[in-house]
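# A closer look at the structure
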Amino acid sequence: MFRQIFLICNQSHRIRINQQLLITIPKRFLSTENHVLIVLHGAGDQSNDSMVSLSFENCIKSMQVNLSEVTNPITSEQRKQTKIWIEPVEWHSKLRESWDFNDILEKVTLPSIQAIRDFTNGHLLDCALYLTDVHRKRVVSEVIQSLNDIRKKYSSNDGIPLKISVFGHSLGGIIAWDVVSDLSSLTECEIENLFIIGSPVGMMLAIRQNNITRPQNVKHIFNVFHPLDPLAYRMEPLFSPSNSSKPPVLIKRGDKEIKNMGDELREKVNQYIDLLDVTKLSTFQRFFSSSSSSTSSSSSSS
């Protein structure tokens, strides 16, 4: 994804990597300045061993590889002038630590459809918590502290300016928006780029209604989403109603357009439906058998 984001920035320096891919390196990335990209993950435990391939750590490594592939064609002299770091900020554990609600939650969670209930408790609960004022303030405060620590870590004494960008995926996009909005009162903390990826920021702003303003301390805002992503929303019509009639810009993936991913998704969904057709009878039998047993035991206990 980071590769595509580079391609939609200001065009200035074009380099051919291979026969299919002609990339554009933004001029500001070739000047004498350093950049740090702060990445906020989406909802859920990012250290889940059952999802190792999709863990936050592995996603960051993938972004670093993509960044390396994009910047490798830059000459050694240009690379000396510009350094780009990617810093992950994990906020899920901070939301759940020092909190005894997990024990209560376990007691009230039904034992059926365990995988779905685990997902609900592990992911959707983060969203519900963030909607409460006390937990939102706690997460935003923690992320701002991490941002300040990262800024101090990479600030240079040799006069080279440091540009800060924030990248938020899904719920992390909402958190990123709230963080930069809270920082807008601090004139010394400017954000070069805000990348919102597959996030319902637009919906959240529409719900809040009373404060739909663009953060003044952010130079560039990119709202990137897959057209079939059910959690993604547009946000630009909230700031300029005329944008409602303008379609989103389609990002190309090498020699393919991103919309072709929809064909892959539909194929996977159809495969899953075929699998359900084969197993649905036995699944329903097990479900109703389990439900009958639960009802009987509940009735007898009363």
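Note that the structure is a prediction, hence the values are computed from the model and not measured.

Attention now goes to the overall build of the protein. Looking only at helices and strands, the protein features eleven helices and nine strands. Put simply, the protein has 302 residues, and 36% of those count as buried. In the protein, of all internal contacts separated by at least 6 residues, the share reaching a separation of at least 24 is 74%. Of the roughly 18,000 Å² that the protein leaves accessible, carbon and sulfur atoms contribute 55%.

Ordered in space as β4-β3-β5-β6-β7, the five strands form an open sheet in which the pairing is parallel. The open sheet is flanked by β4 (82–89) and β7 (218–224), the only strands paired with a single partner. On average, each strand axis in the sheet is tilted by 15° relative to the strand beside it, whichever way the strands run. Bridge count for strand β6 (residues 191–197) against β7 is six bridges, and the pairing is parallel. Each bridged residue has a counterpart across the sheet, and for Asn193 the counterpart in β7 is His220. Set on the sheet, helix α7 (residues 133–154) makes contact with β3 (33–40), β4 and β5 (162–169); between it and β4 the angle comes to about 155°.

Let us now look at a nonpolar patch on the surface. On the surface, a nonpolar cluster with roughly 280 Å² of combined accessible area is contributed by Met203, Ile207 and Tyr233. Checked against the element boundaries, Met203 lands in helix α9 (residues 201–208). A relative accessible area of 31% places Met203 in the partly exposed class.

What follows deals with the confidence of the model for the protein. Within the protein, residue pLDDT values average 75, and 64% of them lie at 70 or more. For the protein, per-element mean pLDDT is lowest for strand β1 (residues 13–16), which scores 38, and highest for β6, which scores 95. Here residues 255–259 is modelled with pLDDT under 50, and outside its nearest four sequence neighbours on either side it reaches ten contacts, counting other chains as well. With pLDDT under 50 throughout, residues 290–302 is counted as low confidence; its partners more than four residues away or in other chains account for zero contacts.

Thresholds applied
Numbering of residues begins from 1 in every chain and follows the order in which that chain's sequence is written. It should be noted that, the model being predicted, local features are given only for residues of pLDDT at least 70 and side-chain atom pairs only at 80 or more, the latter also being counted only at that level, while totals for whole chains, interfaces and linings use all residues. For the side-chain quantities, the full set of heavy atoms in the structure was used; hydrogens and water were omitted. Only DSSP runs of H or I with at least four residues qualify as helices, and only runs of E with at least two residues qualify as strands; both kinds are numbered from the N terminus onward. Exposure is judged per residue with a 1.4 Å probe applied to protein chains only, and the accessible area is read against the type maximum: over 50% gives exposed, under 20% gives buried, and values in between give partly exposed. Any two residues whose heavy atoms approach within 4.5 Å at even a single point are treated as in contact. All accessibility values rest on the Shrake-Rupley procedure with a 1.4 Å probe; residue burial counts only the protein chains present in the view. Between any two strands, pairing holds if DSSP finds at least two bridges. Axis definition: a line fitted to C-alpha atoms, over the contacting stretch in the case of helices. Angles run 0 to 180 degrees between N-to-C directions. Residues with no salt bridge and a relative accessible area higher than 30% make up the patches, which join like charges within 9 Å and nonpolar side chains (Val, Leu, Ile, Met, Phe, Trp, Tyr) within 5 Å. Salt bridge, as used here, is a side-chain nitrogen of Lys or Arg placed within 4 Å of a carboxyl oxygen of Asp or Glu. A score from 0 to 100, pLDDT tells how confident the predictor is in each residue.

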